[in-house]
Amino acid sequence: MIYVEVRVKEQQLARAKRIALIWLLGAAMLFIAATIGENATSLANWQTLIGFIKMTSEAALIGGLADWFAVTALFKPIPPRYPIPHTNIVAANKHMIAQNLSEFVQEKFFHAQAIASLVQESQPAQALSKWLRQPDNARRTARIGADIARGGLTLVNDEKISRLFTTNLSKMLRRIDLSPLAGGTLEVLTREGRHQQLLDQMIAKAAALLQRPAAQRFITNKLHLWLKTEHRRLERILPSAWLSEQGARVATKAIISTIDDINEDPDHPFRKRFDTYVQQLIDDVKHDPDLAHKLNSLRDRMLDNTVLHTYITHILDDLYARLDADLSSPDSRIQAHMATLLQDMAITLDEKPEVSASINRYLTEAATYMGPQMSDFLTGHIKTTIENWDEQEMAEQIELNIGKDLQKVRINGTLVGGLIGGILFIIELGIGRALTL
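Residues numbered from 1 in each chain as written. Predicted model: local features only at pLDDT ≥ 70, side-chain atom pairs only at ≥ 80, totals over all residues. Heavy atoms only, no water.

## Considerations on the packing of aromatic side chains
By convention here, two paired aromatic rings are described through the distance between centres and the angle between planes.
Alright, step 1. All told, the structure shown has one aromatic pair when counted by the stated rule.
Alright, step 2. Just above the ring of Tyr362 sits the side chain of Arg361; from NZ or CZ to the centre is 4.9 Å. (Phe/Tyr/Trp six-rings, centres within 6.5 Å; stacked < 30°, edge-to-face > 60°. Lys NZ or Arg CZ within 6 Å of the ring centre and 35° of its normal.)

## Section: the UniProt feature "transmembrane region" (unreviewed entry) in the chain
Alright, step 1. Within this numbering scheme, the UniProt entry marks residues 20-37 and 414-435 as carrying the feature "transmembrane region" (unreviewed entry).
Alright, step 2. Split by type, residues 20-37 is 100% helix and 0% strand. Its first and last C-alpha atoms lie 26 Å apart.
Alright, step 3. Here residues 414-435 is 100% helix and 0% strand, with 32 Å between the C-alpha atoms at its ends. (UniProt positions renumbered as here; feature names shortened; annotations may be inferred. Helix = DSSP H or I, 4+ residues; strand = E, 2+ residues; numbered from the N terminus.)

## Description of the nonpolar core
Alright, step 1. Counting eight residues, the largest nonpolar core is built from Val71, Phe75, Val90, Ala98, Ile386, Met394, Ala395 and Leu406.
Alright, step 2. Of all the elements in the fold, those that place two or more residues in this core are α2 (47-75) and α19 (391-436).
Alright, step 3. Looking at this core, the element that brings in the most residues is α19, giving three residues.
Alright, step 4. Those residues within four positions of Phe75 in sequence are excluded, and the remaining contacts are Asn88, Val90, Gln392, Ala395, Ile398, Glu399, Ile402 and Leu406. (Core = buried A, V, L, I, M, F, W, Y, C linked by side-chain atoms within 4.5 Å. Buried < 20%, exposed > 50% of the residue type's maximum accessible area, 1.4 Å probe, protein only. Contact = heavy atoms within 4.5 Å.)

## So, the environment of Ala395
Alright, step 1. Topologically, Ala395 is positioned in helix α19.
Alright, step 2. For the pair Ala395 and Phe75, spaced 320 residues apart in sequence, the C-alpha to C-alpha distance is 5.3 Å.
Alright, step 3. Residues within four places of Ala395 in sequence aside, it is in contact with Phe75, Val90 and Ala91.

## Overview of the packing of helix α4 (residues 94-109) against helix α18 (residues 353-388)
Alright, step 1. Running from N to C, α4 and α18 point in directions that differ by 160°, and their axes come no closer than 9 Å. Judged by the angle between their axes, α4 and α18 are roughly antiparallel. When you trace α4 past α18, the crossing you get is right-handed. Between α4 and α18, the contacting residues are Lys94, His95, Ala98, Gln99, Leu101, Ser102, Val105 and Gln106 on the first element and Ser375, Asp376, Thr379, Ile382, Lys383, Ile386 and Glu387 on the second. (Axes fitted to C-alpha atoms, helices over the stretch in contact; angles between N-to-C directions. Parallel < 35°, antiparallel > 145°, perpendicular 65-115°, else oblique. Left-handed = near helix turned anticlockwise from the far one by under 90°.)

As structure tokens, then:
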């Protein structure tokens, strides 16, 4: 395909050169004919017209030759063996072209404002919504996503890569001190009284659990067993089953009453003790060397546990096999869910303009940040690639792509030169006649 395109461009360039040459030869032939006619006595009455044709063709010939030299000097040395200065310009200025092109791309294409304007004008969220609402597009995107996911799974499942990953992950985890990490995590979890909210939920769950008949029977049976074990004589005299049942009810009511008091009182002593315990735990995790040593020792034991490693490996292998089988299937359920998710997302973006506006804003900020960051790499790649090209081959490739249009410059030079020559002849003729009057 590429070879065919190159052949087409070569044929188009050769045809354009032939046309430009025909115009130049036409001007030369007119000039020669006019020069001959100027010296022919039989055409004495036509000298004014012959003079006009001669001057017009002469100027056309000069313009065409000048533009031929200018166009050819861009790509070839003139003459080839001992070229005069400032010819073969493209090849001679390869490094400057590479530098200027890379700077131009960086300044005009990767400028933060230009990138921001491009993203804002394109409205990517709306365009994506419109595109994904087509079922075929959503399925195609899901298929691409599934293929990427499958490729990632294949990469991760490769034995050498997996060994490299797990080895380096293990080294990284061993270097992490868990004490400040655990302390910081606990601080985040307990900030703004979040642990009290968790405590409220735990207490509410406990109260609901205690009120269940099964819990009442459990407490009753435990009390009955305690009486039989610890107070055998009393158990024979007293109605132990009734006492156990009543004791369970009293204990439950007492616990629920205490729970209600804790829930209704933000300053309940139990809450304060819980706060104190949590804060003390955070301080111990962050500053107690013994606790830090225990945490790090636990980490090392888990990393060195071959049974745990084998168990996790088997789970991951089974998971990989299931995912790979589904992703490679034409009727992939994951792919179907992805397509549905994409269409639902498209509908949401269409129905909620504020969501689209937020996505566009974040994409603009991300592109504005990433553009300049990537520009150095991309423009450097452009510069290096151009500098590694062969000079003459580069000149030939540029000529092949824009030379066809440059041949029109030669034709225009011939025509404009002839037009100027004709105008000058008329001016000259007019001045001459004016002076004779």
